[in-house]
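Fold and contact review
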Amino acid sequence: SQTIHQWPATLVQPVGSPLSLECTVEGTSNPNLYWYRQAAGRGLQLLFYSVGIGQISSEVPQNLSASRPQDRQFILSSKKLLLSDSGFYLCAWRGGGNTIYFGEGSWLTVV
Amino acid sequence: QKEVEQDPGPLSVPEGAIVSLNCTYSNSAFQYFMWYRQYSRKGPELLMYTYSSGNKEDGRFTAQVDKSSKYISLFIRDSQPSDSATYLCAMNPPNAGKSTFGDGTTLTVKP
């Protein structure tokens with residue numbers, strides 16, 4: 001069966017520091033992968049999606065970037081965090097029937 | 001105007017009640033419809049998935065799609081305190097690279 005792993009689960013970072021969130025999917029090949037952000041009490045905002053290695057589509061302009069160095073690995077990065085980057089970050093992959101499956105999420109607090 | 005509208009609630013019901021959660025949408029190309037349940041500080045989990053119009057039942061949960069009205073519903077029978085969560089609807093056209101999510105409805109089931 002397919003599983004998705006995302007880490008770290010929680011992190012507190014100072015303004016201006018770098019960020020790296022990692023996500024891996026097991027049990028499938030060449031999946032569509034996604035990064036979402038969910039602000040407190042808000043809906044899901046699609047940040048990036050990828051249909052293959054090195055193929056990244058950005059949905060919103062911001063100081064975040066994404067990379068897909070391997071088929072089942074998706075990384076969300078920032079060189080310098082802003083206070084507004086705080087939120088709940090979710091990695092996801094697309095399964096059969098156009099369904100989306102989410103990881104457990106990463107809570108980021110920028111202080 | 002958002003493509004998908006969902007009443008944020010909060011919705012509070014007594015244990016055993018029938019719960020009705022709803023979303024409306026504007027894009028007539030949507031054909032795949034999903035409902036997710038999200039517990040506090042967790043990633044959303046897929047509850048129900050339907051294609052095109054009609055009903056689908058899974059235990060205490062029933063998903064309905066009315067494409068003529070651009071309206072989808074999730075019914076929860078015999079609601080339990082463990083059903084307390086935020087419920088998100090999602091939908092997309094065929095072969096879409098990404099899904100459109102509602103902002104979620106927060107449900108509390110009181111014992």
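Predicted, not measured: the structure shown is a model, and the values here were computed from it. Sequence order sets the numbering: in each chain, residues are counted from 1 along the sequence as written. All chains are assigned letters beginning at A, and all ligands numbers beginning at 1, according to the order in which they are written. A pLDDT threshold of at least 70 governs which residues receive local features in this predicted model, and a stricter bar of 80 or more applies before side-chain atom pairs are shown or counted, although totals over entire chains, interfaces and linings include all residues. Heavy atoms from the whole structure form the basis of all side-chain values; hydrogens and water molecules are not counted.

**So, the sheet that holds strand S6 (residues 54-58) of chain B**
All names here are of chain B. Any two strands with at least two DSSP-identified bridges between them are counted as paired. In this description a helix means any DSSP run of H or I spanning at least four residues, a strand means any run of E spanning at least two, and both kinds are numbered starting from the N terminus. Strand order in this open sheet of five strands is S1-S3-S8-S7-S6, and the pairing throughout is antiparallel. Strands with a single pairing partner mark the edges of an open sheet, and in this sheet they are strand S1 (4-6) and S6. Sheet twist, expressed as the average angle between the axes of neighbouring strands with direction ignored, equals 15°. Sheet topology note: the strand S3 (residues 19-25)/strand S8 (residues 71-76) ladder contains six bridges and is antiparallel. Looking at S8, one finds that Cys23 is bridged to Ile72. Lines fitted to C-alpha atoms define the axes here, with helix axes fitted over just the stretch in contact, and angles between the N-to-C directions of these axes take values from 0 to 180 degrees.

**Here's the deal with the interface of chain A and chain B**
Contacts between the two partners involve 22 residues from chain A and, on the opposite side, 20 residues from chain B. The quantity reported as buried area is the accessible area (1.4 Å probe) lost by two parts once they are put together, taken as the sum for both. When chain A packs against chain B, close to 1700 Å² is buried across both sides, 52% of that on carbon and sulfur atoms. For this analysis, a salt bridge means a side-chain nitrogen from Lys or Arg found within 4 Å of a carboxyl oxygen belonging to Asp or Glu. Run the count over chain A and chain B and you get two salt bridges. For the salt bridge of Lys42(B) with Glu104(A), the shortest nitrogen-to-oxygen distance reads 3.8 Å. Under the rule applied, a polar contact is a pair of N or O atoms within 3.5 Å (in protein, one hydrogen donor and one hydrogen acceptor; residues adjacent in sequence only if both atoms are side-chain atoms). For the pair chain A and chain B, the interface holds five residue pairs in polar contact (both at pLDDT 80 or more). Any two residues whose heavy atoms approach within 4.5 Å are treated as being in contact.

**Considerations on the pattern of salt bridges**
Summed over the entire model, instances satisfying the criterion amount to eight salt bridges over all chains. One salt bridge connects Asp85(A) with Arg37(A), and the closest N-O pair in it is separated by 3.8 Å. One end of the pair, Asp85(A), is in the loop between strand S8 (73-78) and strand S9 (87-94); the other, Arg37(A), is in strand S4 (residues 33-38), with 48 residues separating them in the sequence. Here Asp85(A) and Arg37(A) have matching classes, each one buried. The closest approach of N and O atoms between Asp103(B) and Lys2(B), which form a salt bridge, is 2.2 Å. Highlighted residues: Asp103(B) in the loop between strand S10 (100-101) and strand S11 (105-110) and Lys2(B) in the segment before S1, separated in sequence by 101 residues. The class for Asp103(B) is partly exposed, based on a relative accessible area of 33%. Per-residue accessibility, obtained with a 1.4 Å probe over protein chains only, is compared with the maximum for each type, and a residue is labelled buried under 20%, exposed over 50%, and partly exposed between these values.

**Regarding unusual backbone geometry**
Cis peptide bonds are those with omega within 30 degrees of zero, and the linkage from Trp7(A) to Pro8(A) qualifies with 0°. Tracing the chain through its elements places Pro8(A) in the loop between strand S1 (3-7) and strand S2 (10-13). The linkage connecting Gly9(B) with the following residue, Pro10(B), adopts the cis geometry, with an omega of 10°. In the Ramachandran plot, Asn30(A) falls in the positive-phi region, its phi being about 50° despite a non-glycine side chain. Relative to the helices and strands, Asn30(A) resides in the loop between strand S3 (19-26) and S4. Of note in this structure, Ser52(B) is not a glycine but carries a positive phi near 60°. With respect to the helices and strands, the residue Ser52(B) is situated in the loop between strand S5 (45-51) and S6.

**A few points about the nonpolar core**
Counting residues in each nonpolar core, the largest one holds 24 residues, and the members touching the most others are Trp35(B), Ile72(B), Leu74(B), Tyr87(B) and Met91(B). The set of elements that each furnish at least two residues to this core consists of S3, strand S4 (32-38), S5, strand S7 (61-66), S8, strand S9 (85-92) and S11 of chain B. By nonpolar core is meant a set of buried Ala, Val, Leu, Ile, Met, Phe, Trp, Tyr and Cys residues that side-chain atoms within 4.5 Å join together. Within the second largest apolar cluster, 21 residues are counted, among which are Leu33(A), Leu64(A), Leu108(A) and Val110(A).

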